[in-house]
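Fold and contact review
Listed below, chain by chain, are the residues.
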Amino acid sequence: MSVEPPAVEASYLKVATCLELLLGGMVCLTSSLVLGGYIKVQSWRKPYGILVMNLLLVDVINGFIGLLHAVNIRIEGDKQLFKTIFFLQALFLWVSLITLVLLNLSRLVGIVTPFNYASIFTLHRTWSTVLVIWVSGFILCFVNRFAEFATHYAYYSVKVLFHILLNITILTLAIITYILLKRDKENQCETRRRATKTVIIVSIAYFFSYGYYCYVYIVWMIPGLPDSTDPWIRFTAVDKSSLSLAHLFLVSGSLFNGVLLGLQPSIIEAIKHLHVKEYQKQVEKRRTQQIQVMRSAERQTQQIQVMRSAERGAGKGQEQGPGQNIQMEL
């Protein structure tokens, strides 16, 4: 006998939609601010920065999806709005999955072969890859939206299995990267270690937030389960409540990612100065001044050491002088 869950009342959906509206708005705001911070520090000049900015942009889309989904429930299921949500959801899932795979690969290459990292992850290759991801994502979205075969079981099951495989790949790469990072502590600078840890945590968080969506996909993939009368299956994977839970998981994951990616000291400082024009030039000017001060201090230290060495040499010469004169007289 299955234990029946509490009856899902309209009040539950109201609470869920309010949470989704709140989290969706927070995701749009947080991810937009952090994305602005990465743009401010000109992160597009580095492959890692390009991939992180791409992930933040997708999180903004996910926050917008959360807002649309909450509105859709409020107006009791407008079909055109649902199709728009489905279109954007497919785009978000595809782009975010592939971007996280690339982020983990970039960190893994940076640990395994740091000297070849710059030749493997070049700016041109990274921008080209990001463009391919978005173009392929739009193609898949249009297929899901307009193609008749997209509703067939064979296509749906292959798509679900591919998404689950990508999600498992992200977790596997994150675990391998973490193990290698622990073994290679001495050869990694603090900035790279922090960036690698951030990618690992984001990947694990995404795995769990997307895991519930995968569960819903699997239920719909198994014949007979979507029509099941089991109250737990209907509550967690079939009814409107399941979609609300799945969207809440995804939006919560996007909010966590935005906050975590924005905790970098340079990004926090850039967010504080989003209104400042030519902020990066000012930062580079301050860095140049700091380097000049450090070099000047190093030169002064070297001069002091040379002077002390000369003084010691002169003192030794004075001590040896009388002895040398006595030997010459003898």
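Residues numbered from 1 in each chain as written. Predicted model: local features only at pLDDT ≥ 70, side-chain atom pairs only at ≥ 80, totals over all residues. Heavy atoms only, no water.

On to the packing of aromatic side chains. Applying the stated criterion across every chain yields a total of seven aromatic pairs. Judged by centre distance (5.4 Å) and plane angle (85°), the rings of Phe-207 and Phe-208 are edge-to-face. Within the aromatic cluster, the residues linked to one another by ring pairs are Tyr-212, Tyr-215 and Phe-249. (Phe/Tyr/Trp six-rings, centres within 6.5 Å; stacked < 30°, edge-to-face > 60°.)

Where nonpolar side chains cluster on the molecular surface, the patch consists of Val-15, Leu-19, Leu-22 and Met-26 and spans about 350 Å² of accessible area. Here Val-15 lies in helix α1 (residues 10–40). (Patch = residues over 30% accessible without salt bridge, like charges linked within 9 Å, V, L, I, M, F, W, Y side chains within 5 Å. Areas by Shrake-Rupley, 256 points an atom, 1.4 Å probe, with all protein chains shown as cover. Salt bridge = Lys/Arg side-chain N within 4 Å of Asp/Glu carboxyl O. Helix = DSSP H or I, 4+ residues; strand = E, 2+ residues; numbered from the N terminus.)

On to the environment of Val-143. Mapped onto the fold, Val-143 is located in helix α5 (residues 123–146). Sequence spacing of Val-143 and Phe-87 is 56 residues, and the spatial spacing of their C-alpha atoms is 9.4 Å.

Among the secondary structure elements, Asn-62 is positioned in helix α2 (residues 47–74). Take Asn-62: its relative accessible area is 1%, and that puts it in the buried class. Only 3.1 Å separates the side chain of Asn-62 from the backbone oxygen of Leu-250, close enough to count as a polar contact. Of note is the side chain of Asn-62, whose polar atom sits 2.6 Å from the side chain of Ser-254. Excluding residues that lie within four positions of it along the chain, Asn-62 makes contacts with Gln-89, Phe-92, Leu-250, Val-251 and Ser-254. (Buried < 20%, exposed > 50% of the residue type's maximum accessible area, 1.4 Å probe, protein only. Polar contact = N/O pair within 3.5 Å; in protein donor to acceptor, adjacent residues only side chain to side chain. Contact = heavy atoms within 4.5 Å.)

What follows deals with the packing of helix α7 (residues 190–221) against helix α8 (residues 231–238). Where α7 meets α8, the axes come as close as 9 Å, and the angle between the chain directions of the two elements is 120°. Here α7 is positioned oblique relative to α8, judged by the angle of their axes. The segment α7 lies against α8, with Tyr-212, Tyr-215, Val-216, Val-219 and Trp-220 engaging Ile-233, Thr-236, Ala-237 and Val-238. Taken together, the residues of the contact of α7 with α8 break down into eight nonpolar, one polar and no charged. (Axes fitted to C-alpha atoms, helices over the stretch in contact; angles between N-to-C directions. Parallel < 35°, antiparallel > 145°, perpendicular 65-115°, else oblique. Nonpolar A, V, L, I, M, F, W, Y, C, P; charged D, E, K, R; others polar.)

Turning our eyes to something else, we now look at the nonpolar core. Judged by nonpolar contacts, the single largest core of 60 residues is most densely connected at Tyr-38, Leu-93, Leu-103, Tyr-210 and Leu-261. Of all the secondary-structure elements, those providing two or more residues to this core are α1, α2, α3 (79–112), α5, α6 (153–183), α7, α9 (240–261) and α10 (265–272). For this core, the element with the most residues is α3, which contributes 17 residues. In this structure, Leu-103 is in contact with Tyr-48, Leu-51, Val-52, Leu-55 and Val-199, ignoring residues within four places of it in sequence. Counting residues in each nonpolar core, the second largest holds six residues, with Ala-16, Val-27, Leu-248 and Leu-255 among its members. (Core = buried A, V, L, I, M, F, W, Y, C linked by side-chain atoms within 4.5 Å.)

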